[in-house]
Amino acid sequence: MKVDGQHWLQRARRCVSPFADARSDPADIALLVLHNISLPPGRFGSGAIEALFCGTLDCDSHASFADLRGVEVSAHLLIDRRGRATQFVPFDARAWHAGQSRWQGRTGCNDFAIGIELEGTDTRPYTRAQYHRLLRVTRALLARYPRLHPGAIVGHNEIAPGRKTDPGPAFDWARYLRAL
């Protein structure tokens, strides 16, 4: 698995999000942020995550979507429960995934981070296929972006403490980092 010259992951499905913009310094990719998401909450495979990131979510289709009306959010990549990867934003562009955030004295992590969403919840174990794909993707990102390293891989909870909890206690950090 590789990142191509246009900053897209080879062999990942593409669904381009309108919720992205240019980084102030496209070479300043220094952080990898892991998230989780499920829409509706706790349900998998609905297609709603892709719709949310692509600006096509019908907020009237489920009661839990009411709070998402007008929300403009994206991630660079989503890894679903089957381990399939969908990329929404090229890695050299800024995806809107971190919100108010801080890491090692730097604020606005979207400016220098890549955001990967895992389809899941804080409390349900992630699948073997997700770990397998995440490892392959992480290795490709580490090979492509020289400022990234294992110490610069964090959960959303670490850059937005008190505001975010993902990827949650169900994510096996030891398993993931040991396998890198």
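Refer to the preceding data block for the structure.
So, here's what we can say about the structure. Computed from a prediction, not measured in an experiment: that's the story for all the values here. (Residues numbered from 1 in each chain as written. Predicted model: local features only at pLDDT ≥ 70, side-chain atom pairs only at ≥ 80, totals over all residues. Heavy atoms only, no water.)

**Side note on the overall build of the protein chain**
Within the protein chain, the secondary structure is distributed over 4 helices and 10 strands. Mapped from its N terminus to its C terminus, the protein chain presents α and β elements in the order β-β-β-α-β-β-β-β-β-β-α-β-α-α. Computed over its C-alpha atoms, the radius of gyration of the protein chain comes to 15 Å, within 12% of the 16 Å expected for a compact globule of 180 residues. With respect to the principal axes defined by its C-alpha atoms, the protein chain has extents near 45 × 35 × 35 Å. (Helix = DSSP H or I, 4+ residues; strand = E, 2+ residues; numbered from the N terminus. Rg over C-alpha atoms; globule rule 2.2 N^0.38 Å.)

**Concerning unusual backbone geometry**
Most peptide bonds are trans, and most residues other than glycine sit at a negative phi. Following Leu39, the chain continues into Pro40 via a peptide bond in cis, with omega recorded as -15°. Put simply, Asp166 and Pro167 share a cis peptide bond, and its omega is 10°. Residue placement: Pro167 occurs in the loop between helix H3 (156–159) and helix H4 (173–179). Even without glycine at this site, Arg11 takes up a positive phi of about 70°. Note that Arg11 resides in the segment before strand S1 (13–14). Arg11 gets classed as exposed once you look at its relative accessible area, which sits at 61%. For Gln104, which is not glycine, the phi dihedral falls at a positive 45°. For Gln104, the position within the fold is in the loop between strand S7 (102–103) and strand S8 (106–107). (Buried < 20%, exposed > 50% of the residue type's maximum accessible area, 1.4 Å probe, protein only.)

**Notes on helix H2 (residues 128–144)**
Taking 1.5 Å as the rise per residue, H2 with 17 residues should run 24 Å; its terminal C-alpha atoms sit 25 Å apart, in good agreement. Among the residues of H2, Gln130, Tyr131, Arg133, Leu134, Leu135, Val137, Thr138, Ala140 and Leu141 are the ones counted as buried. Buried residues along H2 sit in contact with strand S3 (31–37), strand S4 (77–79), strand S5 (85–87), strand S9 (113–119), strand S10 (153–155) and H4. (Expected span 1.5 Å × (residues − 1). Contact = heavy atoms within 4.5 Å.)

**Comments concerning the sheet that holds S1**
Spatially, S1-S5-S4-S9-S3-S10 is the arrangement adopted by the 6 strands of the open sheet, whose pairing is mixed. If you trace the sheet from one side to the other, it starts and ends with S1 and S10, each paired once. By the bridge criterion, 3 bridges tie S4 to S5 in an arrangement that is antiparallel. Opposite Leu78, over in S5, you have Thr86 as the bridge partner. (Pairing = 2+ DSSP bridges.)

**Some remarks on the state of the cysteines**
Using the criterion set out here, one finds 1 disulfide in the structure. Residue pairing for Cys15: its cysteine sulfur links by disulfide to Cys54, the two sulfurs lying 2.5 Å apart. Taken together, the residues span a long stretch of sequence, with Cys15 in the loop between S1 and strand S2 (20–22) and Cys54 in helix H1 (residues 48–54) at a distance of 39 residues. Grouping residues by exposure puts Cys15 and Cys54 together as buried. The thiol of Cys59 is unpaired, and the distance to the nearest cysteine sulfur, on Cys54, comes to 14 Å. (Disulfide = S-S within 2.5 Å.)

**Comments concerning the pairing of S3**
Judged by how many residues are buried, S3 sits mostly within the fold: 7 of 7 residues are covered. Residues Leu31, Val33, His35 and Ile37 line one face of S3 and the alternating positions Leu32, Leu34 and Asn36 line the opposite face, and both faces are buried. Judged from the 7 bridges that link them, S3 and S9 form a sheet pairing that is parallel. Following the sheet pairing, Val33 is matched in S9 by Gly115. Across 3 bridges, S3 lies against S10 in parallel orientation. The partner of Leu34 across the bridge, within S10, is Gly155.

**Regarding the nonpolar core**
Judged by nonpolar contacts, the single largest core of 26 residues is most densely connected at Leu32, Ile114, Ile116, Leu141 and Tyr176. Counting residues per element, the ones that place at least two in this core are S3, S4, S9 and H2. It is H2 that provides the largest number of residues to this core, a total of 6 residues. When near neighbours in sequence (up to four residues on either side) are disregarded, Leu32 contacts Ile114, Ile116, Thr138, Leu141, Leu148, Ala152, Ile153, Val154 and Tyr176. In terms of nonpolar packing, the next biggest core, distinct from the first, is built from 19 residues, Ala48, Leu52, Leu57 and Leu78 among them. (Core = buried A, V, L, I, M, F, W, Y, C linked by side-chain atoms within 4.5 Å.)

Such coordinate-based values are descriptive only and should not be taken to indicate function.
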